[in-house]
Amino acid sequence: MAEFQEKQRLQHETSMHKELEKLLTTAKGAEQEISRKDFDGFKNLFHRFLQAEGPSVKWDKIHKPPEDLIHPYDKIKAQGLPDSVATSLNKLVVVKLNGGLGTSMGCKGPKSVISVRNENTFLDLTVHQIERTTLKKRYQNIQYEPEYIPTFNIIYDKIWEPNSNEDTKKILQKYTHHRVHIHTFNQSRYPRINKESLLPVAKDLGMHGDQADAWYPPGHGDIYASFYNSGLLDQLIDAGKEYIFVSNIDNLGATVDLFILNHLMTQPKDKRCEFIMEVTDKTRADVKGGTLIQYDDKLRLLEIAQVPKAHVDEFKSVTKFKIFNTNNLWISLAAIKRLHEQNAMDMEIIVNPKTLDGGLNVIQLETAVGAAIKAFDNALGVNVPRSRFLPVKTSSDLLLVMSNLYSLDAGSLTMSKKREFPSTPHVKLGSSFTKVHDFLTRFESIPDMLELDHLTVSGDVTFGKNVSLKGTVIIIANHGDRIDIPAGAVLENKIVSGNLRILDH
């Protein structure tokens, strides 16, 4: 049986390689060379996919990470900062993962161009965060002479869909005269695989018509290969850069933190840290988030997809697995180069099944950037405050960051001092609010939410100006009904039903 399975694997791999070579003949020049590099990475992933047998982790080998490998942020901050951090800053590069298109929020372009606050997009806020004014305001004890102000390079990881590229180019033109150098590079383009034949769906390398559905970007774990293939990695190393700070562009809490940077740069030479993952305490809203574990004497990221069904409830427990990955990562450039050239960037494969419009079942093989932590030397976790994890994935998240719960200072959002509790309200908006355009038309102004604990809205609901929401508020418009919350209304611990009766909660 084993011999038969090995022959079958070889046959699948040989057939795949032949099809990929055929696809390459449909392109010329630079496009062919770029696609060849992409296909080299895809072949490696496909080979590992065929070799996989059983679960990627054995549950009885999972242990909580040792305390000396998860450093509390408070202790790092208590160490203070040296007189000059400019040297460390000049060795840092900021990488923002643009992720995908904002299709989940009804947008046609890349997510980074969505207006989040005061007409500022995600990218606007990122640039404002990084410019020197942000640093001077956040760290009052540090004084920079103008000639010593560090210049950052933002590498902006974008996907290759045409509507992403064009929108990205337009928005980047705004920053020509800023003190921020912005470079861009594309994610790899991998072929979707027919689930039955295990062969590419694509007929050529074009992106026209049905062919657009034949390709996919292989997750943010692809950053290592695409970064290397772009030539930017070598360029930055030659310029004296040592580390990248990687985060999702929709995480508005992911700012450059000088205390973490200083901690990274001051590790003993014989224990030089190559990878820091920021983690934060898990709440019941984060039970599906990946967590750090100790496995075979190495730190490792454990995602819910890797967990055997019998242990899923245990994985979701906030008592056993108390932290989760924010995807704010600090990574050594030299280590990325070394591991990529040694083909040692061992990341678990995420098999993502999809059904195309015509009904064809396909699979796409993906990886996650944080999963590479086990390949780096002297990796650490840093347990950071919740304020460093402020993602905007849905319109419910967008309502929170647009509200008076947060104040905006040079691109950084901080919880308002007027809120008595540091916790964020739980907000759940229904499907009528999913698309950003629909969301904006349903609010004449964003409600006062300083005293809100929980908000659920379902059905056809609109809000007038200067509405105030406090405590627990549940608004449910039945099918065919509409609820218009009048201007100036104050709802405190109320349930508003389809016929606009207001009841005490």
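Nothing here was measured: the structure is a model prediction, and the numbers come from that model.

(A) Region of the structure containing the UniProt feature "binding site: UTP" (unreviewed entry) in the protein. In this structure's numbering, the residues bearing the UniProt feature "binding site: UTP" (unreviewed entry) are Lys-111, Gln-187, Gly-219, Asp-250 and Lys-393. For Gln-187, the position within the fold is in the loop between β6 (180-186) and β7 (190-191). Engagement of the side chain of Gln-187 in a polar contact is seen with the backbone oxygen of Gly-219, the distance being 3.5 Å. Tracing the sequence through the fold places Gly-219 in the loop between β9 (215-216) and α8 (223-230).

(B) Representation of the pattern of salt bridges in the model. Tallied over the entire structure, the rule returns 25 salt bridges. Notably, a salt bridge pairs Asp-250 with Lys-393, separated by 3.1 Å at the nearest N-O pair. Placement of the pair is Asp-250 in the loop between β10 (243-248) and α10 (258-265) and Lys-393 in the loop between β17 (380-383) and α13 (395-402), with a sequence separation of 143 residues. The exposure class assigned to Asp-250 is buried, which follows from its relative accessible area of 6%. Here Lys-470 and Glu-451 are joined by a salt bridge, their closest N and O atoms 3.8 Å apart. Linking Lys-470 in strand β23 (residues 468-476) with Glu-451 in strand β21 (residues 448-458), this pair joins segments that are 19 residues apart in sequence.

(C) Inspection of the UniProt feature "binding site: substrate" (unreviewed entry) in the protein at higher detail. With numbering aligned to this structure, UniProt lists the feature "binding site: substrate" (unreviewed entry) at His-220. On the secondary structure map, His-220 appears in the loop between β9 and α8. With residues near it in sequence (within four places) discarded, His-220 still touches Leu-97, Asn-248, Asn-327, Thr-367, Ala-368 and Val-369.

(D) Layout of the sheet that holds strand β16 (residues 361-366). Read across the open sheet, the three strands follow the order β8-β16-β15; overall the sheet is antiparallel. Two strands close off the open sheet at either side, each with one partner strand: β8 (193-194) and β15 (350-355). Of the pairings in the sheet, the one linking β8 to β16 comprises two bridges and is antiparallel in character. Across the sheet, Asn-194 pairs through a bridge with Val-362, a residue of β16. Packed onto the sheet, helix α2 (residues 29-51) meets β8, β15 and β16 and runs at close to 105° relative to β16.

(E) Representation of unusual backbone geometry. Of note, the phi angle at Asn-118 is positive, near 50°, even though the residue is not glycine. Judged by relative accessible area, which is 59%, Asn-118 ranks as exposed.

(F) Spotlight on the nonpolar core. Formed by 67 residues in total, the largest nonpolar core has its most connected members in Leu-252, Leu-455, Val-461, Phe-463, Ile-475 and Ile-485. Both domains that furnish three or more residues to this core are identified here as domain 2 (59-388) and domain 3 (395-497). Beyond its immediate chain neighbours, meaning those up to four positions away, Leu-455 contacts Leu-399, His-426, Val-427, Lys-428, Leu-429, Leu-469 and Val-473. Judged by nonpolar contacts, the second largest core, of 35 residues, contains Tyr-224, Phe-227, Ile-244 and Leu-329.

What counts and how
Residues numbered from 1 in each chain as written. Predicted model: local features only at pLDDT ≥ 70, side-chain atom pairs only at ≥ 80, totals over all residues. Heavy atoms only, no water. UniProt positions renumbered as here; feature names shortened; annotations may be inferred. Helix = DSSP H or I, 4+ residues; strand = E, 2+ residues; numbered from the N terminus. Polar contact = N/O pair within 3.5 Å; in protein donor to acceptor, adjacent residues only side chain to side chain. Salt bridge = Lys/Arg side-chain N within 4 Å of Asp/Glu carboxyl O. Buried < 20%, exposed > 50% of the residue type's maximum accessible area, 1.4 Å probe, protein only. Contact = heavy atoms within 4.5 Å. Pairing = 2+ DSSP bridges. Axes fitted to C-alpha atoms, helices over the stretch in contact; angles between N-to-C directions. Core = buried A, V, L, I, M, F, W, Y, C linked by side-chain atoms within 4.5 Å. Domains from an automatic or database assignment.

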